[in-house]
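Observations on the model geometry
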Amino acid sequence: MSLTHSQKLLSRLWSSYAQIRQFAVPAFAPSWHEESLDNPVLAPSASKLPSPSQSVEVDEFLKDKFGRKHSYLRISLTERCNLRCQYCMPAEGVQLTKKEHLLTTEEIIRIASVFVAGGVKKIRLTGGEPLLRPDIAEICEGLNSLPGLEDIVLTTNGVLLTRKLPSLLKSGLRSVNISLDTLIPAKFELIARRRGWEKVIEGIDSALDAGLVPLKINCVVTRGVNEEEMVDFVKWTEKKAVDVRFIEYMPFAENKWNDKKIVPYFEMLDIIKRKYPDLIRLQDKPNDTSKAYKVPGFKGQFGFITSMTANFCGSCNRLRLTADGNLKVCLFGNAEVSLRDVLRSGVGDSELREVIGDAVQRKKKQHAGMLNIAKAPGRPMILIGG
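Notes on the structure follow.

The rules behind the values
- Residues numbered from 1 in each chain as written.
- Predicted model: local features only at pLDDT ≥ 70, side-chain atom pairs only at ≥ 80, totals over all residues.
- Heavy atoms only, no water.
- Axes fitted to C-alpha atoms, helices over the stretch in contact; angles between N-to-C directions.
- Helix = DSSP H or I, 4+ residues; strand = E, 2+ residues; numbered from the N terminus.
- Parallel < 35°, antiparallel > 145°, perpendicular 65-115°, else oblique.
- Left-handed = near helix turned anticlockwise from the far one by under 90°.
- Contact = heavy atoms within 4.5 Å.
- Nonpolar A, V, L, I, M, F, W, Y, C, P; charged D, E, K, R; others polar.
- Phe/Tyr/Trp six-rings, centres within 6.5 Å; stacked < 30°, edge-to-face > 60°.
- Buried < 20%, exposed > 50% of the residue type's maximum accessible area, 1.4 Å probe, protein only.
- Lys NZ or Arg CZ within 6 Å of the ring centre and 35° of its normal.
- Lys, Arg positive; Asp, Glu negative; His and termini not counted.
- Salt bridge = Lys/Arg side-chain N within 4 Å of Asp/Glu carboxyl O.
- Polar contact = N/O pair within 3.5 Å; in protein donor to acceptor, adjacent residues only side chain to side chain.

Comments concerning the packing of helix 4 (residues 105-117) against helix 5 (residues 136-144)
The geometry of helix 4 relative to helix 5 is characterised by a closest axis approach of 10 Å and an angle of 25° between their N-to-C directions. In this view, helix 4 runs roughly parallel relative to helix 5, as classed from their interaxial angle. Like other packed secondary-structure pairs, helix 4 and helix 5 cross with a definite hand, here right-handed. Across the interface between the two elements, Thr-105, Ile-108, Ile-109 and Ala-112 from helix 4 touch Glu-138, Ile-139, Gly-142 and Leu-143 from helix 5. Counted by class, the contact of helix 4 with helix 5 contains five nonpolar, two polar and one charged residues.

So, in structure tokens, the structure goes:
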């Protein structure tokens, strides 16, 4: 009987996994790892973990029916971007939402205040490219004034970071994630369809000079594009206090995803281990999306975000607010509810909490899996928020 394409993919994943099975499971791992070894695509899956979010106190409207407590809100400030990364948006761009339909500064702070009052401790500002929003420092100041909020963080492509960083730090920004998929300037232009590699490197150095360490670097790994650079990125951590997170290529609308482009976690780890066989598996923090590793003696570290082959849905504590005001309870789910429309109808905070709570209760146990996600309609990543 001939194998289907999906079965062949699973076979390849298992082959890669089997070669490094003993290494991939850290010595401190609890027994649930052994239970998951029969499934090469999901093992070791954080969805098996007792949720570390259980220790976080949030109001009932931020708890879902599976016991997950949502203390982390990601807010997209804009749909605009100064790059055109292939995995994020089509070359021609996307149809942008009219300005009057985007959340205002005041609306962002008002909605955020409801989440923070309910127990949200961390807010990440995303985009598009959030540094393109002219009032971003004002937004940071407003968020920083909310009692109970502990962390205001930013995800950026880094092109404008050197110029914007001083005002953001004064406004309450505490850490930064920077996207960088290659250490080769010419390849950067191929991936991003724009120039700017030197500006990104300058932004990384500015953040490090400002003491934002370890500085997280997000690298989307795509087969045939940049998987051969992973060892170079790990070498980069020898002298720089960076945390490079290798991200499995994920399917979103109009990014031309297919399973041949994905480099699974176990294969990425195997590639790096050939060069650095004495890797240390670090203890992950509660709700971490990255499986962390380190080369002994190196200043920085690296890790893997394994949304496709080893999901961490069971410990998910994140909610997303799009630039046009829609609440998404799952990155890969299509269900959305407009908090903008609810807010503009003139309701109070209690009604807003009720709408949020209803959406959180509808959050599913886990996403549908990469092959099903790829077939489902949805937004391009640029319109969701990174």
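Right, picking up where we left off after that structure.
Focus on unusual backbone geometry
With omega at 25°, the peptide bond leading from Gly-127 into Gly-128 counts as cis. With respect to the helices and strands, Gly-128 occurs in the loop between strand 2 (122-126) and helix 5. For the peptide bond that leads from Val-213 to Pro-214, omega is -10°, which places it in the cis range. Assignment of secondary structure puts Pro-214 in the loop between helix 8 (197-209) and strand 5 (215-221). Unlike most non-glycine residues, Arg-193 shows phi in positive territory, near 60°. Structurally, Arg-193 is set in the loop between helix 7 (185-192) and helix 8.

Structural notes on the packing of aromatic side chains
Per the counting criterion, the structure on display carries ten aromatic pairs. Aromatic side chains Phe-233 and Trp-236 sit 6.1 Å apart centroid to centroid with 85° between the ring planes, which places their arrangement in the edge-to-face category. On the criterion of helical spacing, the pair formed by Phe-233 and Trp-236 is a turn pair, its members being three residues apart in helix 9 (residues 230-236). The pair Phe-233 / Trp-236 is uniform in exposure class, with both members buried. Members of the aromatic cluster, each reached through a chain of ring pairs, are Phe-233, Trp-236, Phe-246, Tyr-265, Phe-266, Tyr-293, Phe-302 and Phe-304. Sitting above the plane of the Tyr-72 ring, Lys-122 keeps its charged end 4.6 Å from the centroid.

Focus on the side chain of Glu-227
Relative to the helices and strands, Glu-227 resides in the loop between strand 5 and helix 9. Notably, Glu-227 is buried but unbridged: the nearest opposite-charge side chain belongs to Arg-223, and the N-O separation is 5.0 Å. Of the polar contacts made by the side chain of Glu-227, one reaches the backbone nitrogen of Val-225; its length is 3.5 Å. Filtering out sequence-adjacent residues up to four positions away, Glu-227 remains in contact with Val-221, Thr-222 and Val-263.

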